[in-house]
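Understanding the architecture of this molecule
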Amino acid sequence: MLNKKVKTAYFCSQCGAEHPRWQGQCRECKQWNTLVEEKTELSHRKVTGRGLSVEKYALPDVNIESMQGYHSGISEFDRVLGGQLLPGSAILIGGEPGIGKSTLLLQVAGTYSDQGLKVAYITAEESPAQIKKRAKRLGVAGENITVVNTTSLEDITYVISEESFGVVLIDSIQTVASTALDSPPGTVGQVREIAHQLILQSRSKGFALFLIGHVTKDGIVAGPKLLEHMVDTVIYFEGDNSHLYRILRATKNRFGSVSEIGLFEMLSEGLVEVANPSSLFLSDHNDELRTGSVVTSVCQGQRPILVEIQALVSTSGYGNPQRVAGGIDNKRLALLLAILEKRGGFPMEANDVFVSVAGGLRLSEPALDLPFLVALVSSVLNRSVDAKTLVVGEVGLSGEVRGITMIDRRIVEARKMGLQTVIGPKTNLSKIDDTDIKIVGVGTLQEALDIILG
C-alpha cells in the first residue's frame, strides 16, 4: 500500500495568510518570523449538483422576525454589540491574558441566564470548581448555565447538539483542538477549522456564539487577527493591569456601529460599568486646579470623555533636560515644545518637561494639542487655569488653532459635568450659540494663552 504524500504549506500565525514556501516576512501583514509549517489536504471530490437546490428569496420577502435579539442588561456591553445580541451571530472577544475577558463573559452569561436563556460555558483552561468559585465572587447564580470542561471540538459539538442553547461561550478558541487534524491546539489550521465548524453550528441552530481569543506578543499562537474575517463582530478588551478601568471597543460589527466603546471599572466584585466616564477620570477634580492642570475633552469613538491634562516644567539641574511623556507619544511632545518655543516665545531648552494624562489613558487625538500647550505655559508662569474651563483644539506648526471633530458632543459633556466655559477653535465655535455655557473661539495659540492665562 502506497503512503499518501503529505503536503505542507506555511501559514502566518498573525494574519493566517498562506505561503507556498517559508520566508522571513509575511507578505500580507509584514510581520517577521511568523510563518509556521502545517499539513494541508487537497480535496479530490467531484463537483455535484447541490447548487441546483439552493433557495432564492426576493429581498422584501425575507423574514426577519426570528432575528429578535437579546439584551444583557449591561448597557456598556450592549452598546458595543450594536444594541442587542442577535441569534446565530458570532462574536470574537480579544485581549491580552489577564485583562478580564473571562470575568466579563461570565458576568454576561449570568445576565442572559437570569432572563431564562440557556447558556453553555465551555472552558478548556479552568475546572468547573474554579468557574463556580469565580461566579460566587461575582454574584452570578447561573441557574441556566451549563459548564463544560473540554479541549475537544467533537465533545463540544456533541454537547451543543444534545441541548438547545441560546448562547455558547468558548474560553478560549486557542485551547480547543480537533482530532481530524494532526497539528497541536493553537496552530493556524486548528483555530481556523474549529472556528469554522462552530460558526456553522451557530448559524444552523440559531445560538449566539462568543469566542475568546488571547493576544500574544511573540506571534506563536494564532491570535484573533486570523478570525476577524470569519466572525460577525470583533471586540477588543483593552486596558492596563496597573489601572482599574477597561475599555471594550468594537473594530468590526455587521449589526452596529464600530464607533461605540464600553467603559468598565475592575473591582473586587468584578467588572462594573461606568455610565459616566468623565467622573472616573476627573475623580480628583477640585474647584481650584493646581498650576499645570487643564481640563479637556477626548472622543473615544462617538463618546466624549473629560480628562485632566497635567504638565510640570522645572529648571534642569543636570546636563541633558529630560522630556517625559505619559499618555501621549514622545515625538508629539517634542513637536509641541518646538511650537511653544517658536510661536509662543517660551524657551524650553534648559527645562525638564513632564506631561501626563491623569488616569493613565493613552491618547493620540490632535485635539489635545492646545490643552497640553496651555498646561505647559501654566506651569512655566505658575498660574492656574480655571477648573470650570474646557480647553480643546489642534495647533498647527504656524501656531494656528485648527478645527476638530464632534465639538457639539464635547460641549454637551462639558455642560453635563458643570463646566462654565469652552475655549476652542474659532472655526468650530463661531457657528455654535449656547446660552447655558460660555463659548470662546480662538484662532491662534497666542490668543488662547492671553485669554486663559492673561
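A brief report on the enclosed structure follows. What you are looking at is a predicted structure, and each value in this text was computed from that prediction instead of being measured.

1. Regarding unusual backbone geometry
The linkage connecting Asp 171 with the following residue, Ser 172, adopts the cis geometry, with an omega of 0 degrees. On the secondary structure map, Ser 172 appears in the loop between β7 (167-171) and α5 (188-205). Although it is not a glycine, Asn 33 adopts a positive phi angle of roughly 55 degrees. Positionally, Asn 33 belongs in the loop between β2 (18-19) and β3 (35-40). Relative accessible area serves as the criterion here: at 60%, Asn 33 is assigned to the exposed category. Phi angles above zero are rare outside glycine, and Asn 382 is one such case at about 60 degrees. Note that Asn 382 resides in the loop between α8 (369-381) and β17 (389-391).

2. Things to note about the packing of helix α7 (residues 330-343) against α8
Remark: α7 packs on α8, axes separated minimally by 10 Å, with the N-to-C direction vectors making an angle of 65 degrees. Both α7 and α8 take part in a crossing whose hand is right-handed. Each of Arg 332, Leu 336, Leu 337, Ile 339 and Leu 340 in α7 lies in contact with α8, whose residues at this interface are Asp 369, Phe 372, Leu 373, Leu 376 and Val 377. In the contact of α7 with α8, the residues fall into 8 nonpolar, no polar and 2 charged.

3. Remarks on the pattern of salt bridges
Scanning the entire structure with this criterion turns up 12 salt bridges. Across the pair Arg 134 and Glu 126 runs a salt bridge whose closest N-O atoms are separated by 2.3 Å. Of the two residues, Arg 134 and Glu 126, neither departs from the other in class, the shared state being buried. The closest approach of N and O atoms between Asp 369 and Arg 332, which form a salt bridge, is 2.3 Å.

4. Structural notes on the pairing of strand β11 (residues 261-267)
Both strand β10 (residues 245-253) and β11 contribute to a ladder of 5 bridges, which runs antiparallel. Directly across from Arg 246, in β11, lies its bridge partner Phe 264. Relative to strand β12 (residues 270-273), β11 is paired through 4 bridges, and the arrangement is antiparallel. Across the sheet, residue Leu 267 finds its bridge partner in β12, namely Gly 270. As consecutive antiparallel partners, β11 and β12 are separated by 2 residues.

5. With respect to the sheet that holds β12
Taken in spatial order, the 9 strands of this open sheet run β6-β5-β7-β8-β4-β9-β10-β11-β12, and their pairing is mixed. The open sheet has two edge strands with one neighbour each: β6 (145-149) and β12. Neighbour-to-neighbour, the strand axes of this sheet turn through a mean angle of 25 degrees, independent of strand direction. Packed on one face of the sheet, α5 meets β4 (90-95), β7 and β8 (208-214) and runs near 160 degrees to β8.

6. Structural notes on α8
Its 13 residues give α8 an end-to-end C-alpha distance of 19 Å, which sits within 8% of 18 Å, the value for a rise of 1.5 Å per residue. Taking burial as the measure, the 13 residues of α8 include 11 buried ones, the bulk of the element. Of the residues flanking the end of α8, it is Asn 382, one or two places downstream, whose phi is positive at about 60 degrees.

7. Considerations on the packing of aromatic side chains
Using the criterion set out here, one finds 3 aromatic pairs in the structure. Look at Phe 77 and Phe 210: their rings are 6.1 Å apart centre to centre, the planes differ by 35 degrees, and that puts the pair in the tilted class. With Phe 77 in helix α1 (residues 75-81) and Phe 210 in strand β8, the pair connects residues that are 133 residues apart, well separated along the chain. Judged by centre distance (5.4 Å) and plane angle (70 degrees), the ring pair of Tyr 245 and Phe 281 falls under edge-to-face.

8. Some remarks on helix α11 (residues 445-453)
Residues of α11 that are buried: Leu 445, Ala 448, Leu 449, Ile 452 and Leu 453. Projected onto a plane normal to the axis of α11, the buried residues spread over an arc of 100 degrees and lie on a single side. For α11, the secondary structure elements touched by its buried residues are α7, α8, β17, β19 (401-402), β20 (421-425) and β21 (438-442). Of the residues trailing α11, Gly 454 is marked for its positive phi of about 75 degrees.

9. Brief notes about the nonpolar core
Formed by 47 residues in total, the largest nonpolar core has its most connected members in Val 355, Leu 370 and Leu 376. Considering each element in turn, this core owes the most residues, 7 residues, to α8. Not counting chain neighbours up to four residues away, the residues in contact with Leu 376 comprise Ala 311, Val 313, Leu 337, Leu 340, Val 353 and Val 355.

10. Observations concerning the environment of Tyr 236
Along the chain, Tyr 236 falls in strand β9 (residues 233-239). A sequence separation of 12 residues divides Tyr 236 from Leu 248, and the C-alpha atoms of the two residues are 5.9 Å apart.

11. Remarks on the packing of helix α4 (residues 153-162) against α5
Where α4 contacts α5, the axes come no closer than 11 Å and their chain directions differ by 5 degrees. Here α4 lies roughly parallel to α5, going by the angle between them. Residue-level contacts link Leu 153, Ile 156, Thr 157, Ile 160 and Ser 161 of α4 to Ile 194, Gln 197, Leu 198, Gln 201 and Lys 205 of α5. Residues belonging to the contact of α4 with α5 are distributed by class as follows: 5 nonpolar, 4 polar and 1 charged.

12. Description of the pairing of strand β14 (residues 303-315)
Bridge count for strand β13 (residues 293-300) against β14 is 8 bridges, and the pairing is antiparallel. When the bridges of β14 are listed, Val 294 appears paired with Ile 309. Two successive antiparallel strands, β13 and β14, enclose a turn made up of 2 residues, where Gly 301 displays a positive phi of approximately 70 degrees. The pairing of β14 with strand β16 (residues 351-357) spans 7 bridges and is antiparallel.

Calculation notes
Residues numbered from 1 in each chain as written. Predicted model: local features only at pLDDT ≥ 70, side-chain atom pairs only at ≥ 80, totals over all residues. Heavy atoms only, no water. Helix = DSSP H or I, 4+ residues; strand = E, 2+ residues; numbered from the N terminus. Buried < 20%, exposed > 50% of the residue type's maximum accessible area, 1.4 Å probe, protein only. Axes fitted to C-alpha atoms, helices over the stretch in contact; angles between N-to-C directions. Left-handed = near helix turned anticlockwise from the far one by under 90°. Contact = heavy atoms within 4.5 Å. Nonpolar A, V, L, I, M, F, W, Y, C, P; charged D, E, K, R; others polar. Salt bridge = Lys/Arg side-chain N within 4 Å of Asp/Glu carboxyl O. Pairing = 2+ DSSP bridges. Expected span 1.5 Å × (residues − 1). Phe/Tyr/Trp six-rings, centres within 6.5 Å; stacked < 30°, edge-to-face > 60°. Arc of directions from axis to C-beta. Core = buried A, V, L, I, M, F, W, Y, C linked by side-chain atoms within 4.5 Å. Parallel < 35°, antiparallel > 145°, perpendicular 65-115°, else oblique.

Shape is all these values report; function is a separate question.
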